[in-house]
Amino acid sequence: MAVLADKIKKIYNFFHDAAPKWKAGAVVFLLVALELAFLKFHDSRFIWVTVYGLVTVSLLFVLIANFAKRTFGMFVFILPALAIFATFYIYPFFKVLQLSHNAWDGIAPTMDFIGLGNFKEIMQDKIWWGAMRNAGYITLIALTFQNILALSLAMACDRQIKAKNMYRVIFFIPPVLSEVVVGLIWRWIYDGDYGLLNYALASMGFKDLVHNWLSDPKTALTCVAIIHCWKGFGWGFMILLAGLQTIPKELYEAARVDGANVWQTFKNVTIPLMIPVFVLVAILTILGTMQVFVLILSMTGGGPGYHTEVPVTRILASMQGSSMFGYACAQGITFGFILMLVSFAQIGLSRKLKQA
Amino acid sequence: MKSFGRAMAAGVRCLVALSFCALLMAGCGGGGEETSAPAPKNKKIVVWHWMTDREDAFVELAKKYEELTGVKVSFELYAPSDAYSQKVRAAAQARALPDIFGLLGEKRDFAAFIKAGHIAELTSEMMLDNSQWKNELFDKALAVNEFVKDNPYGVAVGIYGVPIDVMNIQMVYNKNLFKKAGLDPDRPPQTWAEFVDACAKLNAAGIQGLVSGWGEVWMIDCLASNLAFNIMGPEKVFATLRGEVLYSDQDWVQVFSLFKEMAEKKMLASGIVTMVNKNAEQSFANERAAFAFNGSWCVNVYNGMNPGLDYGVMLPPKINPGNAVYIWGGAGSSFLVNDRSPAKREAIAFLKWLTEKEQQEFLAEKTRNMPSNKFAASKISTILGDFARGMNYVTHPNFWPVNELPKVIERFDKGIQSIIIGEKTPVQLGQELAKLKAEEMAKGR
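An account of the accompanying structure is given in this report. (Residues numbered from 1 in each chain as written. Chains lettered and ligands numbered in written order. Predicted model: local features only at pLDDT ≥ 70, side-chain atom pairs only at ≥ 80, totals over all residues.)

Observations concerning the overall build of chain A
Where we set the bar: Numbering of helices and strands starts at the N terminus; helices are DSSP runs of H or I of at least 4 residues and strands are runs of E of at least 2. Counts of 20 or more other C-beta atoms within 10 Å of a residue's own C-beta define buried residues, counts of 12 or fewer define exposed ones, and intermediate counts define partly exposed ones; C-beta atoms are placed from the backbone. C-beta atoms are first placed from the backbone for all residues, and any pair lying within 7 Å is then listed as a contact.
The helix and strand inventory of chain A stands at 17 helices and two strands. Its C-alpha atoms give chain A principal-axis dimensions of roughly 70 × 60 × 35 Å. For chain A, the proportion of its 356 residues judged to be buried stands at 29%. When contacts within chain A are restricted to residue pairs at least 6 apart in sequence, those whose partners lie at least 24 apart make up 72%.

Below, the structure written as structure tokens:
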């Protein structure tokens, strides 16, 4: 048992310590293998029960590998967690994979297997890729505007200023508000006839700028993106502030003694030591922003036209509006795959930056 | 101690075995008497619905029904409608639907539920005693719940739902704002030219024209369909849905052009393309717009928002004098009986009672909706009476012989939004839809 556990642990460590590109490659390889197996054996319940069982048992063995050397009894405590993971994570993944290869309305007792038909259709679905572009645009604004704002405020609060705890609380209020409430309030602020924004602009003499912000295709997406940043910068602020507080003050003092000015200190002390935190914030920003959804629904509903549609609203439209559950699952898998690749790319980039 | 435990265990086992035998004998005996047995005193029916405005009235009726029959009816409210819709689908997949439920969606969803065996067929019940139950209900309300011969969904002919109220979607206009703009409040526009003219006068008086929840795209679909029926007649619309007429046809381009005209002549309220209907209702109730395109449920909504609102009901303006005007309508909300429910008989009996004249009058009075029972229509308010007159012009996708494909519907509605914001021309939209329709038909969806 111990020998087997050692071997499994060696394999596990080999993958764990691998470079991100190899990890990404391995995941892609596994997914492709799974996909090919699915296409070949989609109607064999036996094969799928076996695969499901194998994945669960593999997890079991990884756990054995970790625990066998200590006390086997400890392993028993992991079983409930494993059962929950297998039921609520692994099984739904297989189910979504199965549905994504079928044409199904979500109600009928039978489904039509269409192989890669849904994925082919996604490749040609201009509206889907338009929604991806829209989510990318909001992400770009969040990565720049939102995180620069969060960093500036975190740096301000990191200094010895009066009432800094009060500022921390104030900056963290938007993230704890309900997205629906935020969306509805800002919808009213942006209103073309009775909105606060137009009233303020008109009062300041900018009457040319007065218009219906959310119904204009030129401004709708940017308006939503700005509110998303306003709502989300508090998270970045907290994480960046925590990161800034881990930098030893002696380094700043040493830099000052060496004659470094504010910019040089920031460039040569703060930035290098904050890279892991920047990477974490960037990954969280990308994953959170690409999945923006509630704010869009409460502010524009994806309109006007398709101008504020994002991937999640498209998945919902396929599932509820068009009763195309299979297609919606395929969209979900495609979207998840893209996000996974982006995350791997970011981790790889962060390693390179750290090495530099 | 151990032997005591064993004895206890043996005793429990015996008790379980005996109870099982008793149950088995009870189940085997007296089968012939099943139909004549009275409803058990503690029988319970569970009803799922999404109608927040009707919850109190339902609960009151449930109490009354329990006093009358001993059958407890539990109304379970799940709102908003999106969440309700998801719950019903999930319950259907898990075969955990309640005894009675409402279904939100299109006719194809309704058909899918029937084909999956979730909904009981009620024709035989409706036909009992010389079709007494059927004859009490408005035909148009029943039609929404009916599948006729050769229906495109392959569902067996029959009635599968019970309408609890009826509705239609028309235009309403504000009489005060009409007076302010120098228009006659007793003579709303009847033709398209008169409508354009009225909006111009309202605009000149600083009043917005038409407001509606066109951010919820189905309302665009509804008005566009009304206009199309009037311009080209129902047969040509159905021919388009069957793929025999293209959306690039001149008549369809004319339909799209009307939206362009409304946008260009500033006949539409600001922000209409992203406006949800609740906001549109607020806008009309607060007298910020002179016209609204809304359903008869608005009577209750406007009453809640502005009880003093003085408004009238009108049919959408006529474009082609040679064709009739059609509006969407039929059953407002319907209840369906779960075919797998053990309390199916009780559920049907309750729905029969719920649609009787007295209960329908109570519901109409409390919820300001039009009753589904013909004989309860005499007690409705004047404004609901105006809406009720529109029932003669009612049509609905749920009783058309053919329906449009989901992707085409979405592109149709979003395309009209694009026309309103000046991004597409009517001709471009017609061509785009014709191409998409051909592609979707080729896929066989």
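Let us keep going from here.
Here we look at the overall build of chain B
Helix and strand content of chain B: 17 helices and 12 strands. C-alpha extents for chain B along the principal axes are approximately 95 × 55 × 55 Å. When each of the 445 residues of chain B is scored for burial, the buried share is 44%. A sequence separation of at least 24 residues applies to 75% of the contacts in chain B between residues at least 6 apart.

Side note on the packing of helix H16 (residues 406-420) of chain B against helix H17 (residues 426-443) of chain B
Residue and element names in this part refer to chain B. To keep it simple, the criterion reads: Lines fitted to the C-alpha atoms define the axes, with helices restricted to the stretch that makes contact. Angles between their N-to-C directions range from 0 to 180 degrees. Roughly parallel means an angle under 35 degrees; roughly antiparallel means over 145; roughly perpendicular covers 65 to 115; every other angle is labelled oblique. Amino acid classes used here: Ala, Val, Leu, Ile, Met, Phe, Trp, Tyr, Cys and Pro are nonpolar; Asp, Glu, Lys and Arg are charged; the rest, including Gly, are polar.
Two elements in contact, H16 and H17, have axes separated by 10 Å at closest approach and are oriented at 170 degrees. The pairing of H16 with H17 is recorded here as roughly antiparallel in orientation. Counting all contacts with H16, which are made through Lys 407, Val 408, Arg 411, Phe 412, Gly 415 and Ile 419, the residues of H17 involved are Pro 426, Leu 429, Glu 432, Leu 433, Leu 436, Lys 437 and Glu 440. Along the lines of polarity and charge, the residues of the contact of H16 with H17 split into seven nonpolar, one polar and five charged.

What to know about unusual backbone geometry
The linkage connecting Gly 303 of chain A with the following residue, Pro 304 of chain A, adopts the cis geometry, with an omega of -5 degrees. Looking at the element boundaries, Pro 304 of chain A is found in the loop between helix H15 (294-299) and helix H16 (311-321). Of note, Ser 323 of chain A is a non-glycine position whose phi angle comes to about 50 degrees, a positive value. One non-glycine residue with positive phi stands out, namely Arg 95 of chain B, at about 50 degrees. As for its position among the elements, Arg 95 of chain B is in the loop between helix H3 (81-93) and strand E3 (100-101).

Let's talk about the nonpolar core
Condition: We define the nonpolar core as any set of buried residues of the types Ala, Val, Leu, Ile, Met, Phe, Trp, Tyr and Cys, connected via C-beta atoms lying within 7 Å of each other.
Residues Ile 100, Leu 210, Ala 292, Val 337 and Leu 351 of chain B are the most contacted members of the largest nonpolar core, which totals 126 residues. Of all hydrophobic cores here, the second largest spans 50 residues; its members include Ala 131, Cys 157, Phe 237 and Val 292 of chain A.

Geometry only, nothing functional implied.
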